[in-house]
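# Chains, contacts and geometry: an overview
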Amino acid sequence: MKTMRFAMWVSLCLLLTLVLAACAAVPAAPGSGAAQPAAESNEIVVWSRYDLDDPNDSNGAVLKEFITNLEATEGVKVIHEQVAWDQLSTKLALAVQSGGDVPDLVETGSQHVPALLDAGALSPLSEWLKDEAWAEDLTDGDKRACIHDGERYCVANNVRGGMTYYKAELFPNGFPTSPDEAMAACEALKADGLYLNTFFAGRSYGAIEINWWPLIKSNGGSIFDAEGKPAWASDQVVEVAKWAQRMFQNGCFPQVALTGDFADSQIVWTDGQSAAFGGGSWSPNFVEGLLDQVNSGQVAMQGGLPFNGTPHVFMVSEGWVVPTGAKNPQGAVAFLRAFMQPEFLAKWAEAQFGIPTTNAAYAMGKFQGSPFYENVDAILGEQGAYMEPSPYYVESLDILATTWQELMLNPDRDPAPALQQAADEVLGRYWQ
């Protein structure tokens, strides 16, 4: 109960944060009637998820090298703080609401930008970047994530998305292309002691983003409506939930996919117990040998499973935002200018196993001629879709993920009232 009370307290604090921050005035960008704020020092304060001193964090090593070079060439000092990936947005909103010191640059994913924008936590960037040549080369993957109502509020550096990896020899005719085909393939693989697929489907918003929302979207359903309120108590969502229950009950997915963490579901794949693995373009970061297996043809890649409609995959742009109240926005722009240079951007996107967001970086990197990157680029281009926004994005999806896990672990439970109850819980907590 203490844990539950603490979680409720955090949620209430975040709600208060969003309401108060939304009422705060956002400083005008240069050219909109106010001069660009002067930097108080040559320090640039940066928040990201990466551990610059962990030898096992390959992304952190690349970022650390970049910062070292930036400090040497620009004569600046970068103050980096690591913040857990699922806490960055909350911490930023709290920092802006408190009226205290905020960083100059914060890493964020595209799915969090609308909520931060609603909270008044983001500085507009269009005017600050109007003379930056690299900004003119940004691709549609960036624009769709970062431009809202004609104004830029972030800079995306790469695009990634959900992917399914499967053992090519087990699917000579390709991966299933319908729910019925998936069930039939599951039955055939069970005879050989194999699961059809393994993926993370625990009590986290990531499980909805990567696994269930693409199926729901393919089936004509939605998670959020135009206001960001739950829209998941619908026939289209119920149909997907019932199919997921049947698949789990028939032994198509391992139980650890529901009850374990991200790594547990991957172990089922690496131990050879599953014919497929649902992850993302980022999965080679965590699954040893996966990139080489794809490039050699041993492992093939698939986008979304069509569910009575066009297949989709969850797409996310990783990038940077300048918070409201940043003391050194010029330093933030200088950081971005160096970060978005083609040579480094290509290196960064490769480390992320994503597609860079400028054409110049794409042409410079290892993206052409690589089966892995060509698959990622094609699947994201054809099927990639950004999640519907909500001011209570993480909180709502965590509640939905918890309900979805319970439905799968209790396959006799009717999804319709459970999904309605979850939607009512979100509305009662955050929309009163």
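Rules behind the numbers
Residues numbered from 1 in each chain as written. Predicted model: local features only at pLDDT ≥ 70, side-chain atom pairs only at ≥ 80, totals over all residues. Heavy atoms only, no water. Helix = DSSP H or I, 4+ residues; strand = E, 2+ residues; numbered from the N terminus. Expected span 1.5 Å × (residues − 1). Buried < 20%, exposed > 50% of the residue type's maximum accessible area, 1.4 Å probe, protein only. Arc of directions from axis to C-beta. Polar contact = N/O pair within 3.5 Å; in protein donor to acceptor, adjacent residues only side chain to side chain. pLDDT = per-residue confidence, 0-100. Contact = heavy atoms within 4.5 Å. Disulfide = S-S within 2.5 Å. Phe/Tyr/Trp six-rings, centres within 6.5 Å; stacked < 30°, edge-to-face > 60°. Lys NZ or Arg CZ within 6 Å of the ring centre and 35° of its normal.

### Things to note about helix H17 (residues 415-430)
Between its terminal C-alpha atoms H17 stretches 23 Å, which fits the 22 Å expected from 16 residues at 1.5 Å a residue. Those residues of H17 lying buried are Pro 415, Ala 418, Leu 419, Ala 422, Ala 423, Val 426 and Tyr 430. Projected down its long axis, H17 carries its buried residues within an arc of 135°, all on one side. For H17, the N-terminal cap is Asp 414; the gap from its side-chain oxygen to the backbone nitrogen of Ala 416 is 3.2 Å.

### Some words on the confidence of the model for the protein chain
Per-residue confidence for the protein chain averages 90 on the pLDDT scale, and 91% of its residues sit at or above 70. Scored below 50 in pLDDT, residues 1-39 shows 50 contacts in the model against residues more than four places distant or in partner chains.

### Some points on the side chain of Thr 164
Within the secondary structure, Thr 164 sits in strand E6 (residues 155-167). With near-sequence residues (within four places) excluded, Thr 164 lies in contact with Phe 175, Asn 197, Ala 276, Phe 277, Gly 278, Ala 300, Met 301, Gln 302 and Gly 303.

### Details of the state of the cysteines
The tally for this structure, following the rule as stated, stands at two disulfides. One disulfide bridge connects Cys 186 with Cys 252, the sulfur atoms lying 2.0 Å from each other. Taking the sign of the S-S torsion, about -95° here, the bridge from Cys 186 to Cys 252 comes out left-handed. One end of the pair, Cys 186, is in helix H6 (residues 179-190); the other, Cys 252, is in the loop between helix H8 (235-249) and helix H9 (256-259), with 66 residues separating them in the sequence. Neither Cys 186 nor Cys 252 differs from the other in exposure class; each is buried. With cysteine numbering restricted to those in disulfides and following the sequence, the protein chain has the pairing 1-2, 3-4.

### Let's talk about the packing of aromatic side chains
One pass over the full model with this rule turns up 30 aromatic pairs. Centroid distance Phe 66 to Phe 335: 5.0 Å. Interplanar angle 75°. Geometry classified as edge-to-face. Here the residue Phe 66 occupies a position in helix H2 (residues 58-74), and Phe 335 occupies one in helix H12 (residues 329-339), the gap between them amounting to 269 residues. Here Phe 66 matches Phe 335 in class, with each residue buried. One aromatic cluster is present, formed by Tyr 50, Phe 66, Trp 320, Phe 335, Phe 339, Phe 344 and Trp 348 through successive ring pairs. Cation over ring: Lys 91 sits above Trp 47, and NZ or CZ is 4.9 Å from the ring centre.

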